[in-house]
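Report on the structure
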Amino acid sequence: MAAFEKLGPHCKAALNDSVFPWSSIAVLRRFAQTKRDPSNADHDKDLADELRAIDKSRTEERKAS
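Below or above, wherever it landed, is the structure these notes cover. (Residues numbered from 1 in each chain as written. Predicted model: local features only at pLDDT ≥ 70, side-chain atom pairs only at ≥ 80, totals over all residues. Heavy atoms only, no water.)

1. Notes on the pattern of salt bridges
This is how it is decided: Every case where a carboxyl oxygen of Asp or Glu lies within 4 Å of a side-chain nitrogen of Lys or Arg is listed as a salt bridge. Secondary structure elements are defined from DSSP: runs of H or I of at least 4 residues count as helices, runs of E of at least 2 residues count as strands, and each element is numbered from the N terminus. Think of it in three bands: with a 1.4 Å probe and only protein chains considered, a residue is buried below 20% of the maximum accessible area for its type, exposed above 50%, and partly exposed in between.
Counting across every chain of the model gives five salt bridges. With a closest N to O distance of 3.6 Å, Asp 17 and Arg 52 form a salt bridge. Of this pair, Asp 17 sits in helix 2 (residues 9–17) while Arg 52 sits in helix 4 (residues 41–64), and the two are 35 residues apart along the sequence. Accessibility expressed as a relative area gives 55% for Asp 17, which makes it exposed. Given the relative accessible area of 35%, Arg 52 is considered partly exposed.

2. Things to note about the nonpolar core
Selection criterion: Nonpolar cores are built from buried Ala, Val, Leu, Ile, Met, Phe, Trp, Tyr and Cys residues. Side-chain atoms within 4.5 Å join them into one set. What makes two residues a contact is simply this: any of their non-hydrogen atoms within 4.5 Å.
Residues Ala 3, Phe 4, Leu 7, Cys 11, Ala 14, Leu 15, Val 27, Leu 28, Phe 31, Leu 47, Ala 48 and Leu 51 constitute the largest nonpolar core, which totals 12 residues. When contributions to this core are tallied by element, the ones reaching two or more residues are helix 1 (2–6), helix 2, helix 3 (24–33) and helix 4. For Ala 48, the residues in contact, after removing those within four places along its chain, are His 10, Cys 11 and Ala 14.

3. What to know about the packing of helix 2 against helix 4
Rules: Note on method: axes are straight lines fitted to C-alpha atoms, helices fitted across the in-contact stretch only, with angles between N-to-C directions ranging 0 to 180 degrees. Orientation categories follow fixed angle ranges, with anything under 35 degrees roughly parallel, anything over 145 roughly antiparallel, 65 to 115 roughly perpendicular, and all other angles oblique. By convention the crossing between two helices is left-handed if the near helix lies anticlockwise of the far one by an angle smaller than a right angle, and right-handed if it lies clockwise. Lys, Arg, Asp and Glu make up the charged group, whereas Ala, Val, Leu, Ile, Met, Phe, Trp, Tyr, Cys and Pro make up the nonpolar group; the residues left over, Gly among them, are polar.
Running from N to C, helix 2 and helix 4 cross one another at 20°; their axes reach a closest spacing of 7 Å. One element, helix 2, and the other, helix 4, form an angle in the roughly parallel class. You can see that helix 2 and helix 4 cross each other, and the crossing is left-handed. Across the interface between the two elements, Pro 9, His 10, Cys 11, Ala 13, Ala 14, Leu 15 and Asp 17 of helix 2 pack against Ala 41, Asp 44, Lys 45, Leu 47, Ala 48, Leu 51 and Arg 52 of helix 4. Tallied by class, residues from the contact of helix 2 with helix 4 come to nine nonpolar, one polar and four charged.

4. Thoughts on the packing of aromatic side chains
Stated precisely, the cut-off is as follows: Pairing of aromatic side chains here covers Phe, Tyr and the six-membered ring of Trp, requires ring centres within 6.5 Å, and sorts the geometry by plane angle: under 30 degrees stacked, over 60 edge-to-face, intermediate tilted. Cation placement over rings: the criterion is NZ of Lys or CZ of Arg within 6 Å of the ring centroid and within 35° of the ring normal.
Evaluation of the coordinates by the stated rule reveals zero aromatic pairs. Between the NZ or CZ atom of Arg 58 and the centre of the ring of Phe 20, over which it lies, the distance is 6.0 Å.

Right under this line is the structure:
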């Protein structure tokens, strides 16, 4: 839960809305790997958009199979 609290509002919403389970720790690692700051609103929105795109892609793949 502590990792989730470190995320910005866009990433929190993306995690809550996703079909596939995401680890908030993994999301924080992604921030670090890409040298982005979860408290920066632009970085938060960008990564949330990436998470949503991945989730959508995985959902479409699941429907296709």
